[in-house]
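Structural features, examined
Take a look at the letters that make up each chain.
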Amino acid sequence: MSSIVSLPDQTTARIPKRNYLTNENGILSWLLTGDHKRIAMLYLISITFFFFIGGALAGLIRLELLTPQSDLMATDTYNKVFSMHGIIMIFLFLVPSVPATLGNFLIPIMVGAKDLAFPKINLLSWYLYLAGGSLTLWAMINGGVDTGWTFTTPLSTHYVNTNVVTTGLAIFVAGFSSIFTGLNFIVTIHRMRAPGMTWFKLPLFVWSHYAASILMVLGTPVLAIAIVLVLLERTIGIGVFDPTKGGDPILFQHLFWFYSHPAVYIMILPGMGVISEVISTFSRKRVFGYSAVAFSSVAIAVFGFFVWEHHMFIMGVSNYSTLVFSLLTMLVAVPSSIKIFNWAFTLYKGSITFETPMLYAFGFMGLFTIGGLTGVFLGASGTDIHLTETYFIVAHFHFVMVGGMLMAFLAGIHFWWPKMTGRMYPEKISQLAAVVTFIGFNFTFFPQFLLGMLGMPRRYAAYPPEFQVLNVFSTAGATILGVGYLLPMIYLVWSLKYGKIAGANPWQATGLEWQIQSPPLTENFVEIPVVTQDAYDYEWLERQKEHEVTQVG
Amino acid sequence: MAVVHEGEHHEHPAYQRHHFVSMEQQKESASFGMWLFLLTEIMFFGGMFTAYLIYRNWYYPAFVAGSHTLSIVLGTTNTAVLITSSFTMAMGVWCAETRKRGGLILSIILTLILGLAFLGIKSVEYHEKWVQHHVPGLRFDAMTFVHPKAEPGQPVEPGLPLDMAQHTEIYFSLYFAMTGMHALHMIIGMGLLVFMLVKAMRGAYDNGNIAFIENFGLYWHFVDIVWIFLFPLLYLISRHQ
Ligand code: HEM
Ligand SMILES: [Cu+2]
């Protein structure tokens, strides 16, 4: 099989002596660092930690659902397990996953800057994340919380006696870490671009992070105030959401989903940025319809703020607003499909190679398309009444979040691993891992669409026996999926020591980040670059190489 | 070449962070960041203003009755105090820009005192609510709205039907949530003021590195503006009814 990988001669190649990893030593040089690349690594380690906790909880859920009775754990334990799974995976893994790691690492380099605009706030954001994460763990150890990740009132304010307050505080704090990340990105992209780096020369990775940052900055504070009001109601008993006092629980739903719908785009847009880079690099072509893809990110961010009520169709909202929001929901699927079509056209007549990031990207394209299309089923208010609160929803959002974002995250981690560490991951086994993940994923979540169509409700530990076959399928698939995630964990750590030396540009990619050494210097660039080439300009790259050869010759 | 580089470096003040290419870029980034942060604050308070709007429409008489229990005198005084503090803060920024250390210290102290005065008056008001059993959840009794007592020298207000009277608890929930969040912002601001005071006394701003003061000024004015919305919505809007 052909490949574009071009590595330096392994017998002579060395990792550059001076780079951001070796620049300073000692634990404090990490804990007090202002370097966006080091903070990205800190984030990477912490979100991986939480991913495995969330994953272990997912394993427990699937084990419980192996049999129709609730036998592995008591029903209220089950409630806690799926709540903690959702909270950890959404707020502590998916929201920061790509932006806080890859975004943090790459955005300054991609725009041609030495760091993000506010390095200290970047570090603060990581500490806030840790604080939020620790509070969540503390709540979990102290008995957990069983409201679901949605903190539904009045359940969360009046009826449960679990750790709503601690967990609420945790989400509040973690929310600020996300706000600060978004704020840092927006300012950096506006103010720190290198000379010649115009908006339309930016890689699409930067555009999608820009769009996601808008959502973080404008959406997250609304979640914050919703949580504050829930906590005030739970602790001192104010009545804003309390129907016995005249308050309205539906108002909580509005505030919560005003954040949490945009949040699903916070969770997918950065991943879409990764896919644009990967697809372009491994088909050796400029992304088809660059500006359409760029603007579709912004369109998703804008439309994303006007569809939240599709989570509330059966909550007693007005029929007329259901109609409007149903229509708007269809609209938001348009920019997403623009992206899918443009990636497909990028592949058309490209010189495609199948390195691991590309395999994950293909996984993303297929699974996200299914996830997005089933979202349209749910956005159509008629079908939603049948499907809502069933496993169909569970399958929908796992297709977009796990099949979409997690695939994109892994695509990105593999793609930029040589840049971040200076070493290649082992190609064959990682291709295997990508395929295993894809197979495991489909086994796990496709049966859940069928279960939902048949009417199996979500969030129960027990179910009627006729659903068992599909559930066994799902649990079996989850086991395969688990292996698919463990593999990268192992071989990536292995590659830190034994991987091949990557050199500056193993993929022959065009981004600014590939024109500097791997791992980069602390200051990224010896001299701030002056940008004349477009994004994804492979001819420019060829000319650069010829230039080098003639100069050396 | 190297010489040119040296020359360039000399133009940069010592407090320019290494990752910015120019002082202008550093300043612009900082104030842009601050404005974005204030945008998040608008969204934060926006959630409560939305709730206010909805419940005011639903429980109009309860909101009128609730707002009548607030003291116009104390509210107006506090508004004046806060606007003055915004003025002293603006003076502080001006002094910092013109490198008047004494003026800066004085302005910060005055701003701090005015901030304290605001919180003092606010706590008097909160205490009053406590005495009147108007604190939602903790200590609330709607009966005073069903059978209002005559205040000396004022006409007796007509009582509300019991269910509407109970909805005054929503009014007070919002009153405490909104003014409480506002007060929290003031407390955070005053913490930062103390921090700036210490630094100013050490002469940390004499070299013109005053971005922090300027951006804090924006924050303080923002907190002031939130109050400018809270005051009419909570105190004034139904006075004539
Ligand atoms: C592409 C267009 C999309 C459409 C039209 C769409 C539509 C919907 C609708 C209508 C619902 C509500 C179903 C109900 O509660 O009855 C829903 C739920 C959900 N969607 Fe999507 N969606 C889309 C993409 C996404 C993406 C990209 C993500 C995440 C990355 C996502 C994550 C979720 C989640 C987490 C829920 C369930 C929330 C819960 O109740 O726990 N969706 N979607
Ligand atoms: Cu949604």
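Residues numbered from 1 in each chain as written. Chains lettered and ligands numbered in written order. Predicted model: local features only at pLDDT ≥ 70, side-chain atom pairs only at ≥ 80, totals over all residues. Heavy atoms only, no water.

**Points about the interface of chain A and chain B**
Residue-level contacts link 38 residues of chain A with 35 residues of chain B. For the pair chain A and chain B, the two sides together bury roughly 3000 Å², of which 76% comes from carbon and sulfur. The largest contributions to the chain A side of the interface with chain B come from Arg191(A), Ile225(A) and Lys245(A), which together make up 18% of the buried area. Here chain A and chain B share 2 salt bridges between them. The residue Arg191(A) makes a salt bridge to Glu28(B) at a minimum N-O spacing of 3.3 Å. At the boundary of chain A with chain B, the tally comes to 9 residue pairs in polar contact (both at pLDDT 80 or more). Every element with two or more residues in the side of chain A that touches chain B is listed here: α4 (119-141), α6 (164-191), α7 (204-235) and α8 (249-283) of chain A. (Contact = heavy atoms within 4.5 Å. Buried area = accessible area lost by both parts, 1.4 Å probe. Salt bridge = Lys/Arg side-chain N within 4 Å of Asp/Glu carboxyl O. Polar contact = N/O pair within 3.5 Å; in protein donor to acceptor, adjacent residues only side chain to side chain. Helix = DSSP H or I, 4+ residues; strand = E, 2+ residues; numbered from the N terminus.)

**Some thoughts on the site of ligand 1**
Residues and elements named next belong to chain A. Near ligand 1, the surroundings consist of 23 residues, among which Trp-149, Asp-384, Thr-388, His-396 and Arg-458 are the closest. For ligand 1, an oxygen atom lies 2.5 Å from a polar atom in the side chain of Thr-388. Looking at the shell around ligand 1 element by element, the count peaks at 6 residues for helix α11 (residues 356-379). (Near = heavy atom within 4 Å.)

**Some remarks on the coordination of the copper ion (ligand 2)**
Around a metal, the perfect tetrahedron of four donors has angles of 109.5 degrees, and the perfect octahedron of six donors has angles of 90 or 180 degrees. Residues and elements named next belong to chain A. All of the protein donors around the copper ion (ligand 2) are His-261 (ND1), His-310 (NE2) and His-311 (NE2); their distances to the metal are 1.8 to 2.0 Å. Positions of the donor residues of the copper ion (ligand 2) along the chain correspond to the pattern H-x48-H-H. A distance of 4.5 Å spans the gap from the copper ion (ligand 2) to the iron atom of ligand 1. In this pair, His-261 is assigned in helix α8 and His-310 in the loop between α9 (290-303) and α10 (319-347), connecting sequence segments 49 residues apart. Assigned by exposure class, His-261 and His-310 land together as buried. (Donors = N, O, S within 2.8 Å, 3.2 Å for Na, K, Ca; no water. Buried < 20%, exposed > 50% of the residue type's maximum accessible area, 1.4 Å probe, protein only.)

**What about the packing of aromatic side chains?**
According to the stated counting rule, one finds 68 aromatic pairs over all chains in the structure shown. Summarising the aromatic geometry, the rings of Phe241(A) and Phe252(A) are spaced 5.4 Å apart at their centres and angled 75° between planes, so their arrangement reads as edge-to-face. Note that Phe241(A) is positioned in the loop between α7 and α8 and Phe252(A) in helix α8, a separation of 11 residues in sequence. Here Phe241(A) falls in the buried class, since its relative accessible area comes to 0%. Of the aromatic side chains, those joined through ring pairs into one cluster are Tyr52(B), Phe63(B), Tyr126(B), Phe140(B), Phe145(B), Tyr171(B), Phe172(B), Tyr175(B) and Phe176(B). The positively charged end of Arg38(A) is found above the aromatic ring belonging to Trp30(A), 4.2 Å away from the centroid. (Phe/Tyr/Trp six-rings, centres within 6.5 Å; stacked < 30°, edge-to-face > 60°. Lys NZ or Arg CZ within 6 Å of the ring centre and 35° of its normal.)

**Side note on the pattern of salt bridges**
All names here are of chain B. Under the defined criterion, the tally for this structure stands at 8 salt bridges over all chains. Between Lys-27 and Glu-214 there is a salt bridge, with its nearest N and O atoms 4.0 Å apart. Of this pair, Lys-27 sits in helix α2 (residues 23-58) while Glu-214 is found in helix α9 (residues 211-236), placing the two residues 187 residues apart along the sequence. Exposure remark for Lys-27: the relative accessible area of 45% places this residue in the partly exposed category. Ionic pairing is found between Asp-206 and Arg-101, a salt bridge with its closest N-O pair at 2.7 Å.

**Observations concerning a nonpolar patch on the surface**
All names here are of chain A. On the surface, Val-435, Phe-438, Ile-439, Phe-443, Val-469, Phe-473 and Ile-480 cluster together into a nonpolar patch covering about 570 Å² of accessible area. Listed by contribution, the elements that provide at least two residues to the nonpolar patch are α14 (427-454) and α15 (468-498). Top element by residues in the nonpolar patch is α14. It accounts for 4 residues. If you trace the backbone, Val-435 turns up in helix α14. Taking the relative accessible area as the measure of exposure, Val-435 reaches 42% and is therefore partly exposed. (Patch = residues over 30% accessible without salt bridge, like charges linked within 9 Å, V, L, I, M, F, W, Y side chains within 5 Å. Areas by Shrake-Rupley, 256 points an atom, 1.4 Å probe, with all protein chains shown as cover.)

**Side note on the side chain of Asn524(A)**
Residues and elements named next belong to chain A. Along the chain, the position of Asn-524 falls in the loop between α15 and α16 (538-552). Residue class for Asn-524 comes out buried when judged on its relative accessible area of 2%. Within the local environment of Asn-524, its side chain forms a polar contact with the side chain of His-36, the two groups lying 3.0 Å apart. Discounting residues that sit within four places of it in the chain, Asn-524 has contacts with His-36, Lys-37, Pro-108, Ile-109, Ala-113, Lys-114, Asp-115 and Ile-516.

**Observations regarding the coordination of the iron atom of ligand 1**
Exactly one protein atom donates to the iron atom of ligand 1; that atom is His396(A) (NE2), 2.2 Å from the metal. Within the secondary structure, His396(A) is located in helix α13 (residues 391-421).

**Re unusual backbone geometry**
Residues and elements named next belong to chain A. Omega for the peptide link from Thr-153 to Pro-154 comes to -5°, which places this bond in the cis form. Locating Pro-154 in the fold gives a position in the loop between α4 and α5 (155-159). Of the consecutive residues Ser-518 and Pro-519, the connecting peptide bond is found in the cis state with omega at -10°. Here Pro-519 shows up in the loop between α15 and α16.

**As for the environment of Leu92(A)**
Residues and elements named next belong to chain A. Here Leu-92 is to be found in helix α3 (residues 75-111). Note on Leu-92: relative accessible area 1%, which makes it buried. Along the chain, Leu-92 and Leu-130 lie 38 residues apart, while their C-alpha atoms are 9.2 Å from each other. Those residues in contact with Leu-92 that lie beyond four places of it in its chain are Ile-47, Phe-50, Ile-87, Tyr-129, Gly-133, Thr-136 and Ala-174.

**Details of the packing of helix α5 (residues 101-131) of chain B against α9(B)**
Residue and element names in this part refer to chain B. One can describe the packing of α5 onto α9 by two numbers: an axis separation of 14 Å at closest approach and a directional angle of 25°. With respect to α9, the element α5 is oriented roughly parallel. Where α5 crosses over α9, the two elements pack in a sense that is left-handed. Contacts between α5 and α9 involve Leu-104, Thr-111, Phe-118, Lys-122 and Glu-125 on the former and, on the latter, Ile-213, Trp-220, Trp-227 and Tyr-235. Grouping the constituent residues of the contact of α5 with α9 by class yields 6 nonpolar, 1 polar and 2 charged. (Axes fitted to C-alpha atoms, helices over the stretch in contact; angles between N-to-C directions. Parallel < 35°, antiparallel > 145°, perpendicular 65-115°, else oblique. Left-handed = near helix turned anticlockwise from the far one by under 90°. Nonpolar A, V, L, I, M, F, W, Y, C, P; charged D, E, K, R; others polar.)

**Quick notes on the layout of surface pockets**
Taking a probe equal in size to a water molecule and rolling it over the atoms shows the remaining empty space. Considered as a void within the structure, the largest pocket measures approximately 1700 Å³ in volume. Around the largest pocket, the lining comprises 44 residues; the ones closest to its centre are Ile121(A), Leu124(A), Met34(B), Leu192(B) and Phe212(B). Counting residues per element, the ones that place at least two in the lining of the largest pocket are α4, α6 and α7 of chain A together with α2, α8 (168-201) and α9 of chain B. With 8 residues, α2(B) is the single largest residue contributor to the lining of the largest pocket. Size it by volume and the second largest pocket reaches roughly 1300 Å³. Together, 50 residues line the second largest pocket, and His310(A), His311(A), Ile393(A), His396(A) and Phe397(A) are the ones closest to its centre. Secondary structure elements with two or more residues in the lining of the second largest pocket: α3, α8, α10, α11 and α13 of chain A. Partitioning the lining of the second largest pocket into residue classes produces 26 nonpolar, 19 polar and 5 charged. (1 Å grid on protein atoms, 1.4 Å probe; cavity = no way out; pocket = protein on both sides within 12 Å on 5 of 7 lines; lining within 4 Å. Points joined across faces, edges and corners; volume = space filled by probe spheres on them.)

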